[in-house]
Amino acid sequence: MNIIIPIGGTGAKAGESLVYLMAAGLIKGSYEIFMIDKDKNCKNTTDEDETIKSYREVHKICNGTDGASPSLAEATLEYQTLNFDDLLRDLLVELDIDPTEDERRRSDSLKGITRPIDKSSNEEALNLVYPKKWQEENLGNGFQGRPFLGTAVFRAIENTDSYRSNALYTKIRNVLSQHETVRIFLIASIFGGTGATFFPNIAKSIRKEFSDKQDKIQISGALMLPYFSLPEPGRGQDRIIREEDFHKQAKIAVEQYLTANNLLKKGTNDKNYIFDSLYFMGLSHVKTSETYSLGGTTQVHKLCIMDLYASLAVCDFFNHFDPNVNEKQIIVPVFPNRNDQNIDWTQLPNAGEIKRKLLGLTRFSTFILVYLKPLLAQTPDKIRLNGLIGYLYGKEKSPKNIFKKREAKISDEQKTKLEENIKTIGGFCKNYLTEYALEIQSSQTNDGNICNLFNKEGIRNIVTISEQGFEKSKNYNLNTAIPDGIVTNRECPSTGEDVVKILMNEIPKEKAKNTNDHKTFIRQLLQKIYEICGRGI
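1. Looking at the environment of Asn431
Locating Asn431 in the fold gives a position in helix H17 (residues 412–441). Sequence separation of Asn431 and Thr51 is 380 residues, and the distance between their C-alpha atoms is 8.6 Å. Excluding residues within four positions of it along the chain, Asn431 makes contact with Tyr20 and Tyr436.

2. Notes on helix H18 (residues 456–465)
Within H18, the full set of buried residues consists of Gly458, Ile459, Ile462, Val463 and Ile465. On the buried face of H18, the contacting elements are helix H14 (351–376), H17 and helix H19 (470–473). Residue Asn455 occupies the N-cap position of H18, its side-chain oxygen lying 3.1 Å from the main-chain nitrogen of Glu457.

3. Here's the deal with the confidence of the model for the protein
Looking at the protein, the pLDDT average stands at 81 and 73% of residues meet or exceed 70. Note on residues 103–107: pLDDT is under 50 here. Beyond four places in sequence and across chains, it has 13 contacts.

4. What about a positive patch on the surface?
Together, Lys395, Lys397, Arg406, Lys409 and Lys509 make up a positively charged patch on the protein surface. Examined against the element boundaries, Lys395 turns out to sit in the loop between helix H16 (387–393) and H17. Since its relative accessible area comes to 36%, Lys395 is described here as partly exposed.

5. With respect to the pattern of salt bridges
Inspection of every chain in the model, using the stated rule, returns 22 salt bridges. Between Glu419 and Lys415 there is a salt bridge whose closest N-O contact spans 3.2 Å. Pair noted here: Glu419 and Lys415 are both in helix H17, with a separation of four residues, about one helical turn. Here Lys415 falls in the buried class, since its relative accessible area comes to 9%. The shortest N-O distance in the salt bridge between Glu420 and Lys417 comes to 3.5 Å. Here Glu420 and its partner Lys417 are both found in helix H17, three residues apart, which amounts to about one turn of the helix. Take Glu420: its relative accessible area is 41%, and that puts it in the partly exposed class. On the accessibility criterion, Lys417 (32% relative accessible area) is partly exposed. Taken together, the shared-partner salt bridges in this structure form one network comprising Lys13, Glu16, Lys43 and Asp47.

6. Describing the pairing of strand S5 (residues 217–224)
For S5, the tally of buried residues reaches eight of eight residues, placing the bulk of the element in the interior. Every second residue of S5 is oriented toward a common face, with Ile217, Ile219, Gly221 and Leu223 on one face and Gln218, Ser220, Ala222 and Met224 on the other, all of them buried. Pairing geometry for strand S4 (residues 182–189) and S5, over eight bridges, is parallel. Each residue of the ladder has a partner; that of Ser189, found in S5, is Met224. Bridge analysis of S5 against strand S6 (residues 278–281) gives three bridges, and the strand direction is parallel. Paired with Met224 across the two strands is Met281, which belongs to S6.

7. Section: helix H10 (residues 167–177)
Within the span of H10, buried status applies to Leu168, Tyr169, Ile172, Val175 and Leu176. For H10, the angular spread of buried residues about the axis comes to 130 degrees, placing them on one side. Its side-chain oxygen at 2.9 Å from the backbone nitrogen of Leu168, Asn166 defines the N-terminal cap of H10. In the segment just after H10, His179 is the residue with positive phi, at about 65 degrees.

8. Focus: the nonpolar core
Across soluble globular proteins, nonpolar side chains have a tendency to be buried as a group. Core analysis: the largest hydrophobic core is formed by 105 residues, its most contacted members being Ile305, Leu308, Phe364 and Phe367. For this core, the leading source of residues is H14, giving 13 residues. Sequence-distant contacts of Leu308, that is, excluding residues within four places in its chain, are made with Ser17, Leu21, Leu348, Leu358, Tyr436, Ile440 and Leu453. Formed by 39 residues, the second largest nonpolar core is a distinct cluster that contains Leu82, Ile172, Leu176 and Phe191.

9. Concerning the environment of Val500
Mapping Val500 onto the fold places it in helix H20 (residues 496–506). Measuring from C-alpha to C-alpha, the distance between Val500 and Leu388 comes to 7.1 Å, with 112 residues separating the pair along the chain. Leaving out residues up to four positions away in the same chain, Val500 has contacts with Phe367, Tyr371 and Leu388.

10. Some remarks on the packing of H14 against H17
The interhelical angle for the contact between H14 and H17, taken along N-to-C directions, is 135 degrees, at an axis separation of 9 Å. Relative to H17, the element H14 lies oblique. Helix-helix and strand crossings are classified by hand; for H14 and H17 the assignment is left-handed. Residue-level inspection shows Leu358, Leu361, Thr362, Phe364, Ser365, Thr366, Ile368, Leu369, Leu372, Lys373 and Leu376 of H14 in contact with H17, the latter providing Leu418, Glu419, Ile422, Ile425, Gly426, Cys429, Lys430, Tyr432 and Leu433. Counted by class, the contact of H14 with H17 contains 13 nonpolar, four polar and three charged residues.

11. Thoughts on the packing of H10 against helix H11 (residues 194–209)
Contact pair H10 / H11: the axes reach a minimum separation of 12 Å and the direction vectors enclose 40 degrees. The angle between the axes of H10 and H11 places the two elements in the oblique class. Crossing handedness for the pair H10 and H11: right-handed. Counting all contacts with H10, which are made through Leu168, Tyr169, Ile172 and Arg173, the residues of H11 involved are Ile202, Ser205, Ile206 and Glu209.

Rules used throughout
Residues numbered from 1 in each chain as written. Predicted model: local features only at pLDDT ≥ 70, side-chain atom pairs only at ≥ 80, totals over all residues. Heavy atoms only, no water. Helix = DSSP H or I, 4+ residues; strand = E, 2+ residues; numbered from the N terminus. Contact = heavy atoms within 4.5 Å. Buried < 20%, exposed > 50% of the residue type's maximum accessible area, 1.4 Å probe, protein only. Polar contact = N/O pair within 3.5 Å; in protein donor to acceptor, adjacent residues only side chain to side chain. pLDDT = per-residue confidence, 0-100. Patch = residues over 30% accessible without salt bridge, like charges linked within 9 Å, V, L, I, M, F, W, Y side chains within 5 Å. Areas by Shrake-Rupley, 256 points an atom, 1.4 Å probe, with all protein chains shown as cover. Salt bridge = Lys/Arg side-chain N within 4 Å of Asp/Glu carboxyl O. Lys, Arg positive; Asp, Glu negative; His and termini not counted. Charge placed at Lys NZ, Arg CZ, Asp CG, Glu CD. Pairing = 2+ DSSP bridges. Arc of directions from axis to C-beta. Core = buried A, V, L, I, M, F, W, Y, C linked by side-chain atoms within 4.5 Å. Axes fitted to C-alpha atoms, helices over the stretch in contact; angles between N-to-C directions. Parallel < 35°, antiparallel > 145°, perpendicular 65-115°, else oblique. Left-handed = near helix turned anticlockwise from the far one by under 90°. Nonpolar A, V, L, I, M, F, W, Y, C, P; charged D, E, K, R; others polar.

Okay, structure coming up:
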C-alpha cells in the first residue's frame, strides 16, 4: 500500500503538482492521499482537493479493465482529509467537555487544548515556556511558523483514542493485517508551522503505534527548506511570520534530522529509526504569493519549480527506493549555481523520462483544447459531417440528394457522452496548462525568471485560439506551449490534423461501431491520441 501525506500549505502545493505527474504517467499503481492541515480553510489545501477530484474524473474516463493499455492518468488515487479540528472536537468529547462551537473556539488555543489533561501542572509549565498571548491565541489558521506551539498541541492529541483510531491509522492497520508492506511519503516545509510540526511527529507516532511491524513500514519524505520570500503585511496585519526566522529554524531542524540518534536509518543493520530516507530541497527567494497572509482562504501561493521538485521526490521514492542500501539515504537535487542559468529539461532528475512524459501531456492537452473540444462544440450537423467522426462511427448510406453529404452514424446519446467526457478531460487539460505549466514556468526569484520548461505566451495563445472556433484552431501547432528547439523530431506530429491523419491510419475504421461498449471506445480513443501526441519527444 502506498500512502502520501501532504502537510500544511507547502505540502498541499507539492501534492497538487504530484497529481499532474500522475496524469503524465510518472507514477503508477494505487495510492491514498491523506491531506493534513490544521487550517482547514487554507486555499492551498482546497486547491489540492479540487485538483485531486478533477484527476479522479479523468482516471474514471481513461482507465478500465476492458480498455486500452493505460498510460494517461493510470495511477489509482483515493484521498481523505485528516483534519485536526475534528480530532480536537473528539478530544473534548473524550474528556466529557461540551464540544459546542463556542467551547471549541475557546479550546482552539494552546491553553485550551492542553488544559483538560492536567490543568494545574500544565498551566504552570505553559507559563514557564510560552507568553500568555501565545497560550490564548486562536490556532484555527494553523501554527503560523511556530512548530513549538504545534508540537505541544500534537502531544495533547496523539495518545487519545480518537487519534489512534483516525483514518490514517486504520488504513495502515488494515494493510498490515494482510501482511503487506506500507510505504509512506510525507511532504512539508521544514521552516513553517503546521508542516514542520506534523512531519516528524506523525512519522514518530506511526513507528510507535506499529513498533512490532517496523520491517513492514517504509517511511520517507521531502522537506522543503526556505524557498519563498514573503510580501510585506497589509495595513493592520501583525508580522507574526518572519522571513528571517525561516533560515534560523531550517538550520536547526536540518542539523537535528542529520545528527539525531534513531531519526534517519543508518544502514541495513539499523533496526531503530524513524525515516528510511529523506529528501531536502530549497531555493532562495522564489516569489509565490502577492499578499501577506496568516492562513485561511487568503493563503494563496502559486505553484513554483520547488513544487515540481518535491513531487518528483515522491516519484523517485515509489519508483526507485531500495531498502537494502547500506548507508544513510539523503537526496538533495542539484540546481544551477549561477543566477543567469535557467532550469531546463536537462537539469531535472531522471530528465529524459520526465521531459518525455510531461511534454507528452502538454501536447495532448493542447490537442484536446484546440482540436477535439472545438470540434465537439460545433452544431450537431457539422459534427456529423466531420471526417474523423465519420471514420470512427461509420457513415450513413448515400443520400438520394446528390448535393447532401453522408453523415456519421453517431447517435445523439453517443454524441452527448463523447461531448461530456471531452469537456471533463478539457477542464483538467486547461488547468494543467494554465494553473500548472504556466505557474511553474513563471517561477522567479529576486534575480528574475529561473525556468525554461514551458512557453508562457504560447499557453495564453492556446486558451485564446481554443475559443475562436474549430476552423481556426484545428491546424494550431501542438508545440505552442513548449519553448523553441525542445521538440525537433520530425516524427512528432505538429498539428491536430497531423494527429488525426495518424489516428485514421492506425485505428480500425468504424471503431466505435464495432466496439460493444461506447465507454470502452472513448477510453481507447483517448489513450491512442495520448500515445500519438507523445511520439518523437
